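# A look at the structure
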Amino acid sequence: MELDDIKNTWASYDEKLNKSLKLNEELLRKLNLDKSKREMKGPFYYETTSLIMTGLLIIVISGYTYRYGSEIVYLVSGLLSILFCLTEFVFSFQKLKILTRIDYYNMSVIDLQKNVLTFKNKYLQFKKIELTYTPLFVVSLIPILGKGLRGFDFFSYYTLYIFITIIVLIISYPILIWIYKNLYDKKLKNTLQFLKELEVFEKNES
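The structure reproduced in this document is the subject of the present report.

Conventions we followed
- Residues numbered from 1 in each chain as written.
- Predicted model: local features only at pLDDT ≥ 70, side-chain atom pairs only at ≥ 80, totals over all residues.
- Heavy atoms only, no water.
- Helix = DSSP H or I, 4+ residues; strand = E, 2+ residues; numbered from the N terminus.
- Contact = heavy atoms within 4.5 Å.
- Areas by Shrake-Rupley, 256 points an atom, 1.4 Å probe, with all protein chains shown as cover.
- Phe/Tyr/Trp six-rings, centres within 6.5 Å; stacked < 30°, edge-to-face > 60°.
- Buried < 20%, exposed > 50% of the residue type's maximum accessible area, 1.4 Å probe, protein only.
- Expected span 1.5 Å × (residues − 1).
- Bend = angle between axes of the 7 residues up to and from the residue.

Broken down by element type, the chain carries 5 helices and 0 strands. For the chain, the succession of helices and strands along the chain, N to C, is α-α-α-α-α. Restricting to contacts in the chain with at least 6 residues of sequence separation, those with at least 24 account for 80%. Total accessible area computed for the chain in this model is approximately 12900 Å², and 65% of it derives from carbon and sulfur atoms.

See the structure below:
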């Protein structure tokens with residue numbers, strides 16, 4: 001085999017190898033981005049549901065407050081419940097705003113990491129507030145819902161009011177903790193790990 005033939009053979013082999021490496025790089029990038037996007041669907045769906053549910057709750061409680069607001073205790077109960085629902089509505093809206101800005105396939109890995117970290121910081125900030133005001137929300141919500149749904153006056157039965165409030169809190173806090181752990185903490189950790197792997201790979205390739 002002549003020298004030119006050997007050079008041509010090596011050039012052809014080099015070209016095929018480069019194409020193969022480039023294809024593997026693209027497949028790895030797509031795989032990690034797909035996994036990142038899939039992980040972040042959990043928070044996205046939860047926040048979308050939360051936005052819709054709190055919006056509906058605001059409408060319902062506003063109606064009950066208008067109907068029974070002539071009694072000061074129900075006016076206060078209704079207004080406080082609406083305030084907490086509005087707060088949650090705004091929290092969900094702000095988190096969704098960040099999530100919808102993330103373009104997994106047209107952003108650099110660094111920009112993706114920044115956006116996911118921005119969402120994580122916002123989530124942690126709101127999480128502290130939510131855990132703090134949940135007892136107050138439950139205390140304010142039970143009377144106006146009881147009056148609106150069943151015409152029941154919890155303020156005439158304080159023992160029952162306290163008992164139901166405690167039961168609701170005992171049930172709701174574990175649910176909240178489960179949601180934070182499984183729909184946020186784990187998902188964010190996995191997403192950032194996938195992006196970190198991709199960042200390391202791209203650095204090694206450059």
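Now, onward.
Evaluation of the coordinates by the stated rule reveals 14 aromatic pairs. For the pair Phe 152 and Tyr 157, a centre-to-centre distance of 5.3 Å together with 25 degrees between the ring planes defines the contact as stacked. When its relative accessible area of 47% is taken as the criterion, Tyr 157 is described as partly exposed. On the basis of an interplanar angle of 45 degrees and a centroid distance of 6.1 Å, the ring pair of Phe 154 and Tyr 161 is categorised as tilted. Neither Phe 154 nor Tyr 161 differs from the other in exposure class; each is buried. Aromatic rings pair up to connect Tyr 68, Tyr 74, Phe 152, Phe 154, Phe 155, Tyr 157 and Tyr 161 into one cluster.

For the rest of this paragraph, the subject is helix H4 (residues 109-150). Counted at 1.5 Å a residue, the expected span for H4 with its 42 residues is 62 Å, but the 53 Å between its end C-alpha atoms falls short. If you look at H4, its biggest bend is around 40 degrees, right at Tyr 133, and the proline Pro 135 turns up within four residues after that. Backbone geometry just downstream of H4 places Gly 151 in the positive-phi region, at approximately 70 degrees.

A few words on the environment of Ile 142. Along the polypeptide, Ile 142 turns up in helix H4. Separated by 19 residues in the primary sequence, Ile 142 and Tyr 161 have C-alpha atoms spaced 7.9 Å apart. Excluding residues that lie within four positions of it along the chain, Ile 142 makes contacts with Phe 154, Tyr 161, Ile 164, Thr 165 and Val 168.

Attention shifts here to the side chain of Ser 81. Of note, Ser 81 is situated in helix H3 (residues 72-101). On the basis of relative accessibility, which here comes to 0%, the residue Ser 81 falls in the buried class. Among residues more than four places away in sequence, those in contact with Ser 81 are Ile 61, Phe 137, Ser 140, Leu 141 and Ile 144.

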